[in-house]
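What follows is each chain in one-letter form.
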Amino acid sequence: CARDEFSGIAQVYLDANENPYNAPYNRYPDPLQLELKERIAEIKGVPAKTIFIGNGSDEPIDIIFRALCEPGVDNVVAIAPSYGMYQVAADINNVKVKQAPLNADFSLNSQTVLDAVDAHTKAIFLCSPNNPSANALNGAEMVRIIESFGGLVVVDEAYIDFVPETSLLPKLAKYPNLVVLQTFSKAWGMAGVRLGMAFADESIIHVFNKIKYPYNINILTQQEALKLLAEPAVKDEWVKTILAERTKLVVELEKIAIIEKIYPSDANFVLIKVADANKLYNHLMNNSVIVRNRTRIFMCENTIRITVGTPEENRMLIESIQSL
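This is a predicted model, so every value here is computed, not measured.

A.B. asks: I'd like a rundown of the packing of helix H9 (residues 277–286) against helix H10 (residues 311–322), residues and numbers included.
C.D. replies: The N-to-C vectors of H9 and H10 enclose an angle of 120°; their axes lie 10 Å apart at closest approach. One way to sum up the angle between H9 and H10 is to call them oblique. Judged by the twist between their axes, the crossing of H9 over H10 is right-handed. Contacts between H9 and H10 involve Leu280, His283 and Leu284 on the former and, on the latter, Leu317, Ser320 and Ile321. For the contact of H9 with H10, a count of residues per class yields four nonpolar, two polar and no charged.

A.B. asks: Report on the sheet that holds strand E4 (residues 121–127), specifying residues and quantitative values.
C.D. replies: Read from one edge to the other, the open sheet built from seven strands follows the order E1-E7-E6-E5-E4-E2-E3, with strand pairing classed as mixed. The two strands at the open ends of the sheet, each matched to only one other strand, are strand E1 (51–54) and strand E3 (96–101). Strand-to-strand twist across the sheet, computed as the mean angle between neighbouring axes with direction ignored, equals 25°. Note that strand E5 (residues 152–156) and strand E6 (residues 178–183) share four bridges and pair parallel.

A.B. asks: Describe helix H7 (residues 219–229), naming the residues involved and giving the relevant values.
C.D. replies: All of the buried residues in H7 are Ile219, Thr221, Gln222, Ala225, Leu228 and Leu229. Buried residues belonging to H7 abut helix H1 (34–44) and helix H8 (232–253). Put simply, Asn218 is the residue that caps the front of H7, since its side-chain oxygen is 2.9 Å from the backbone nitrogen of Leu220.

A.B. asks: I'd like to hear about H8, residue by residue, with values.
C.D. replies: Helix length check: H8, at 22 residues, gives a terminal C-alpha distance of 31 Å against a target of 32 Å (1.5 Å per residue), a fit within 8%. Buried residues along H8 sit in contact with strand E8 (259–262), strand E9 (269–274), strand E11 (303–307) and H10.

A.B. asks: Quick rundown of the layout of surface pockets? Include the residues and the values.
C.D. replies: Space inside the largest pocket adds up to approximately 680 Å³. Contributions of two or more residues to the lining of the largest pocket are made by H1 and H7. Estimates place the volume of the second largest pocket at around 560 Å³. At the level of secondary structure, the elements contributing two or more residues to the lining of the second largest pocket comprise strand E2 (75–80), helix H3 (85–92) and E3. Counted by class, the lining of the second largest pocket contains 15 nonpolar, nine polar and seven charged residues.

A.B. asks: If you had to explain the sheet that holds strand E10 (residues 292–293) to someone new, which residues and values would you point to?
C.D. replies: Strand order in the open sheet formed by four strands is E8-E9-E11-E10, with antiparallel pairing between adjacent strands. Bordering the open sheet on either side are E8 and E10, each of which pairs with just one other strand. Here E9 pairs with E11 via five bridges, running antiparallel. Across the sheet, residue Phe269 finds its bridge partner in E11, namely Thr307. Of the strands in this sheet, E8, E9 and E11 are in contact with H8, which crosses E9 at around 10°. Its contacts with the sheet place H9 against E9, E10 and E11, and it is angled at close to 35° to E11.

A.B. asks: Explain the packing of H8 against H10 residue by residue, including any values.
C.D. replies: Interhelical geometry of H8 versus H10 gives an angle of 15° and a closest axis separation of 11 Å. Here H8 lies roughly parallel to H10, going by the angle between them. The crossing of H8 and H10 is right-handed. Contacts between H8 and H10 involve Glu245, Leu249, Glu252 and Leu253 on the former and, on the latter, Pro311, Asn314, Leu317, Ile318 and Ile321. Its residues assigned to classes, the contact of H8 with H10 shows six nonpolar, one polar and two charged.

A.B. asks: So what's going on with the packing of aromatic side chains? Residues and values would help.
C.D. replies: Each aromatic ring pair is described using two quantities: the centre-to-centre distance and the angle formed by the ring planes. Under the counting rule described, the total for this entry stands at eight aromatic pairs. Summarising the aromatic geometry, the rings of Tyr83 and Tyr86 are spaced 5.5 Å apart at their centres and angled 90° between planes, so their arrangement reads as edge-to-face. Taken together through their ring pairs, the aromatic side chains of Phe65, Tyr83, Tyr86 and Phe125 make up a single cluster. Taking NZ or CZ as reference, Arg305 lies 5.6 Å from the ring centre of Phe269, over its face.

A.B. asks: Can you break down the pairing of E8 residue by residue, with the values?
C.D. replies: Here E8 runs beside E9; their pairing, made up of three bridges, is antiparallel. Bridge pairing links Lys261 to Lys273 in E9. As consecutive antiparallel partners, E8 and E9 are separated by six residues.

A.B. asks: So what's going on with the pairing of E2? Residues and values would help.
C.D. replies: In terms of burial, E2 is a largely internal element, six of the six residues being buried. The pairing of E2 with E3 spans six bridges and is classified as parallel. Note on E3: the bridge partner recorded for Ala78 is Gln99. The β-α-β motif built from E2, the intervening H3 and the parallel element E3 has right-handed crossover chirality.

Cut-offs and rules
Residues numbered from 1 in each chain as written. Predicted model: local features only at pLDDT ≥ 70, side-chain atom pairs only at ≥ 80, totals over all residues. Heavy atoms only, no water. Axes fitted to C-alpha atoms, helices over the stretch in contact; angles between N-to-C directions. Helix = DSSP H or I, 4+ residues; strand = E, 2+ residues; numbered from the N terminus. Parallel < 35°, antiparallel > 145°, perpendicular 65-115°, else oblique. Left-handed = near helix turned anticlockwise from the far one by under 90°. Contact = heavy atoms within 4.5 Å. Nonpolar A, V, L, I, M, F, W, Y, C, P; charged D, E, K, R; others polar. Pairing = 2+ DSSP bridges. Buried < 20%, exposed > 50% of the residue type's maximum accessible area, 1.4 Å probe, protein only. Polar contact = N/O pair within 3.5 Å; in protein donor to acceptor, adjacent residues only side chain to side chain. Expected span 1.5 Å × (residues − 1). 1 Å grid on protein atoms, 1.4 Å probe; cavity = no way out; pocket = protein on both sides within 12 Å on 5 of 7 lines; lining within 4 Å. Points joined across faces, edges and corners; volume = space filled by probe spheres on them. Phe/Tyr/Trp six-rings, centres within 6.5 Å; stacked < 30°, edge-to-face > 60°. Lys NZ or Arg CZ within 6 Å of the ring centre and 35° of its normal. Right-handed = clockwise from strand over helix to strand, strands pointing away.

Right, dumping it as structure tokens:
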């Protein structure tokens, strides 16, 4: 694009056929989001050249399929149960997903994942903390997969701000086949802005930038992200509050007889098991409380995923469940 051919500040821009009025929105956004990447690099402690910015994490997930996989030939391996976007992106790109089941307690078995790999496997997707099970995966098991597999290992850390000590981002420089995904949608409270991050070796980021649409992140999104990134303590306070509310929520859920199990959580949500998830889901919906019914997901029969809300929202949830 025109702005790829020039970097810096000029007095006159006559290169991109823009309207000369209505600044700054008349100008195309920085296609490489350099100011935003520099700020993210400061916060995350990684070089800016190892950062890709996408329209949510969904964009880098899709780009991984397009960069690596020959449609109808290659495949990827993904843990199961896990985030559904891996399958969606695979279907769109005509790529097979080979499932590697987690253990019964949703823990990771690296050998199960590696056993699913074949000659046409181009990437492995791990989600930690995992969605919908909410647990952080074992770091040693993930590292064994990274060290044993010749393709890309994609670790989706959308919920990592709730358990930062488990992040693999510090290992990025050691493993050139590691891609770490993070997002502004969860802890940063910017789901509506649609902004995701991929961290990887510079050579991988270069490929991602060649595939993405030229102006994939608009000016308004970049400005809003920079505004919030100027005050990271705000995000930290939100995380602290959410974790405290999660603890209170679990205590109240444990008192309700129809809840058979509450799975341990390292995220901003909890997964519960009941006798009839459809019945509970419909009851809550009729009471204007919306949760996520996961009963049709592999290994998640009769489970409900509950996001931690405000104290008032959590109170309404508990009262609605109790009224069943």
